[in-house]
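# Chains, contacts and geometry: an overview
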Amino acid sequence: MKHERKSTWRPNLFDLVIVALGAAVMAVIVLVMRPAAANISETVPMEYTVELQNMPEGAWELVNTGDMLYDNIRNQAMGTVVAVDHAPYTRPIANASATHVYQSPVPNAENVILTLRTNMTVTDSSLVSEGGYIVRVGGAVAGKGPCYAGTGFVIGITREGE
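## Considerations on the overall build of the protein
Assigned secondary structure in the protein consists of 1 helix and 8 strands. Since a compact globule built from 162 residues should have a radius of gyration of about 15 Å, the 28 Å found for the protein marks it as more spread out than a globular shape. Its C-alpha atoms put the protein at 95 × 50 × 35 Å along the principal axes. Within the span of the protein, comprising 162 residues, buried residues form 29% of the whole. Put simply, 66% of the contacts in the protein that link residues at least 6 apart link residues at least 24 apart. Taken as two groups, the 11 positive and 15 negative side-chain charges of the protein have centres that lie 26 Å from each other.

If you want it as structure tokens, here you go:
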């Protein structure tokens, strides 16, 4: 008859030092890798320009100053329209020998350029509208107004008084 011995682990001083060292390393990693809390420096009125691209011709006439524009994905308030403009929608077309690329207007399409005004919270890393929309030049936009919607990009930001 064989006697089976159950192995039981008993922590010794070396094991406790290893566990404590591992916990200390993990704490340092968490403290170093976590994002720093953004310092809110101020809230200021700002204007920024959005270009909604490839809209149906005449869509700019549907936009009125005073319209509130919302993000079409998260339904966050982006700002109030203070100015509207339009420009031809173009796309790059190569010539027959493919030596030059030209911007060719697309029939029945235009870009709608909206200037929006809102109070922005200025942090170390971003500008955030009162509605929570993060504004970055070059950032993609999916915006909707009372009777129009479109996609495009933020093309400029202006602080009040600049």
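## Topic: the environment of Trp60
Mapping Trp60 onto the fold places it in the loop between strand E1 (42–56) and strand E2 (68–71). Excluding residues that lie within four positions of it along the chain, Trp60 makes contacts with Val84, Asp85, His86, Glu110 and Val112. Within polar-contact distance, the side chain of Trp60 engages the side chain of His86 at 3.4 Å.

## A few points about the nonpolar core
Of all hydrophobic cores here, the largest spans 22 residues; its most connected members are Tyr48 and Leu116. Among the secondary structure elements, those contributing two or more residues to this core are E1, strand E3 (77–94) and strand E4 (101–122). At 6 residues, the largest contribution of residues to this core is made by E1. If we ignore the near neighbours within four places in the chain, the residues touching Leu116 are Met46, Glu47, Tyr48, Val50, Leu69, Met78, Gly79, Thr80, Val81 and Val82.

## Some thoughts on the pairing of strand E8 (residues 149–159)
Direction of pairing for E1 relative to E8: antiparallel, over a ladder of 8 bridges. Within E8, the position partnered with Thr49 by the bridge is Gly156. Relative to E8, strand E7 (residues 140–144) is paired through 5 bridges, and the arrangement is antiparallel. Bridge pairing links Ala142 to Thr151 in E8. Counted between consecutive antiparallel strands, the loop separating E7 from E8 contains 4 residues.

## Focus on the pattern of salt bridges
The full count for this structure, using the stated rule, is 1 salt bridge. Between Glu47 and Arg117 there is a salt bridge, and its shortest N-O distance comes to 2.2 Å. Of this pair, Glu47 sits in strand E1 while Arg117 is found in strand E4, placing the two residues 70 residues apart along the sequence.

## Some words on unusual backbone geometry
You will see that Asn54, though not glycine, has its phi angle at about 55 degrees, which is positive. Structurally, Asn54 is set in strand E1. Among the residues examined, Asn54 registers a relative accessible area of 45% and is labelled partly exposed. One non-glycine residue, Asn108, lies in the positive phi region at around 60 degrees. Here Asn108 lies in strand E4.

## A closer look at the layout of surface pockets
Volume-wise, the largest pocket comes out at about 190 Å³. Together, 13 residues line the largest pocket, and Arg74, Tyr133, Ile134, Arg136 and Ala140 are the ones closest to its centre. Elements represented by at least two residues in the lining of the largest pocket include exactly strand E6 (134–135) and E7. A total of 3 residues in the lining of the largest pocket trace back to one element, the largest contributor, which is E7.

Reading guide: rules and limits
- Residues numbered from 1 in each chain as written.
- Predicted model: local features only at pLDDT ≥ 70, side-chain atom pairs only at ≥ 80, totals over all residues.
- Heavy atoms only, no water.
- Helix = DSSP H or I, 4+ residues; strand = E, 2+ residues; numbered from the N terminus.
- Rg over C-alpha atoms; globule rule 2.2 N^0.38 Å.
- Buried < 20%, exposed > 50% of the residue type's maximum accessible area, 1.4 Å probe, protein only.
- Contact = heavy atoms within 4.5 Å.
- Lys, Arg positive; Asp, Glu negative; His and termini not counted.
- Charge placed at Lys NZ, Arg CZ, Asp CG, Glu CD.
- Polar contact = N/O pair within 3.5 Å; in protein donor to acceptor, adjacent residues only side chain to side chain.
- Core = buried A, V, L, I, M, F, W, Y, C linked by side-chain atoms within 4.5 Å.
- Pairing = 2+ DSSP bridges.
- Salt bridge = Lys/Arg side-chain N within 4 Å of Asp/Glu carboxyl O.
- 1 Å grid on protein atoms, 1.4 Å probe; cavity = no way out; pocket = protein on both sides within 12 Å on 5 of 7 lines; lining within 4 Å.
- Points joined across faces, edges and corners; volume = space filled by probe spheres on them.

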